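Structure at a glance
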Amino acid sequence: MLIGIFFGTNTGNTETVVEILEKELKVNGFEVDVHDMSSASVDDMAKYDQFIIAVPTWNDGELQDDFDAVFGEFESFDFSGKKVAFVGLGDQDGYPDNFLDAIGILGKPVLKNGGSIFGYWPTDGYEFTTSAGLAENGKFFGLGIDQDNQEDQTEDRIKSWVAQIKGELGV
Ligand SMILES: Cc1cc2nc3c(=O)[nH]c(=O)nc-3n(C[C@H](O)[C@H](O)[C@H](O)COP(=O)(O)O)c2cc1C
């Protein structure tokens, strides 16, 4: 199954995480295209039936710069028939009131514009106060990664999440 990954990064953490994710997806039989939002566009998402958006939260609850720059287009994109998953990066100790907000900022328009979300992720194992990254089902809109405080758990979290989404996509 072909899956696209669209990521944005300000200081490189998300790129590192996407490299681990890409490898894990390939080991599990996916064909993977990776797009850096510093050069990709929202329209590129139209090519994929399913894709993953990997985005860190910046500036107290805001999108990473490249996603921020295209948010207007993202908000009006037609997600009908698209299956979208999220990987959010954040710092739960430094920003406990806005932990992983970015995945909620992007997740809501996907649902509003006809898309479906796979890969919701439980909050067990994270300590934070509030998060706009929480969906109505009480889970994060996607996999939560904290390279600042829990880097040692990143690889295991990615492995578990890939196993989960494989099941959800019926691969
Ligand atoms: C100035 C600044 C603001 C940040 N704001 C948030 C935030 O509001 N919520 C959060 O969860 N993480 C926040 N973070 C943490 C980043 O999301 C985290 O370090 C992430 O791994 C950065 O990813 P990148 O290297 O791909 O840009 C912030 C970090 C900095 C330096």
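Anything mentioned here points back to the structure above.
Notes on the overall build of the chain
Secondary structure assignment for the chain yields 5 helices and 7 strands. The N-to-C order of helical and strand elements in the chain reads β-α-β-β-β-α-α-β-α-β-β-α. For 171 residues, the compact-globule estimate of 2.2 N^0.38 gives 16 Å, and the C-alpha radius of gyration of the chain, at 14 Å, lies within 12% of that figure. The principal-axis extent of the C-alpha atoms belonging to the chain is close to 35 × 35 × 30 Å. Counting every position in the chain, which comprises 171 residues, the buried fraction comes to 40%. Nonlocal contacts in the chain, meaning residues at least 24 apart in sequence, comprise 77% of its contacts between residues at least 6 apart.

So, the pairing of strand β1 (residues 2–7)
With 5 of 6 residues buried, β1 is to be regarded as a mostly interior element. When β1 meets strand β2 (residues 31–36), the two strands line up parallel, connected through 6 bridges. Across the sheet, the residue bridging to leucine 2 is glutamate 31, located in β2. When β1 meets strand β3 (residues 50–58), the two strands line up parallel, connected through 4 bridges.

Things to note about the site of the ligand
Lining the immediate surroundings of the ligand are 23 residues, of which Thr9, Asn13, Thr14, Pro56 and Gly90 lie closest. Elements represented by at least two residues in the shell around the ligand include exactly α1 (13–27) and β3. Here the shell around the ligand takes 3 residues from β3, the largest share from any one element. Of the residues that constitute the shell around the ligand, the class distribution is 6 nonpolar, 13 polar and 4 charged.

Looking at unusual backbone geometry
At aspartate 60, a residue that is not glycine, the phi angle is positive and equals roughly 60°. Note that aspartate 60 resides in the loop between β3 and β4 (62–63). The phi angle at leucine 100 is positive, at roughly 60°, despite the residue not being glycine. Here leucine 100 shows up in the loop between β5 (83–89) and α4 (101–112). Leucine 100 gets classed as buried once you count the C-beta atoms within 10 Å, which come to 34.

Some words on helix α5 (residues 154–169)
A turn of α-helix holds 3.6 residues, and therefore any two residues three or four places apart point the same way. Between its first and last C-alpha, α5 extends 22 Å over 16 residues, near the 22 Å set by a 1.5 Å rise per residue. Along α5, the positions that sit buried rather than exposed are Ile158, Trp161, Val162 and Ile165. Down the axis of α5, the buried set is contained in an arc of 105°. They therefore lie on one face. Along α5, exposed side chains directed more than 90 degrees from the buried face belong to Asp156, Ala163 and Gly167.

As for the environment of glutamate 31
Note that glutamate 31 resides in strand β2. Separated by 27 residues in the primary sequence, glutamate 31 and glycine 4 place their C-alpha atoms 8.5 Å from one another. Once residues within four sequence positions are removed from consideration, glutamate 31 is found in contact with Met1 and Leu2.

The rules behind each value
- Residues numbered from 1 in each chain as written.
- Predicted model: local features only at pLDDT ≥ 70, side-chain atom pairs only at ≥ 80, totals over all residues.
- Helix = DSSP H or I, 4+ residues; strand = E, 2+ residues; numbered from the N terminus.
- Rg over C-alpha atoms; globule rule 2.2 N^0.38 Å.
- Buried ≥ 20, exposed ≤ 12 C-beta atoms within 10 Å, placed from the backbone.
- Contact = placed C-beta atoms within 7 Å.
- Pairing = 2+ DSSP bridges.
- Near = placed C-beta within 6 Å.
- Nonpolar A, V, L, I, M, F, W, Y, C, P; charged D, E, K, R; others polar.
- Expected span 1.5 Å × (residues − 1).
- Arc of directions from axis to C-beta.

So far we have only geometry, and geometry alone does not tell us how the molecule works.
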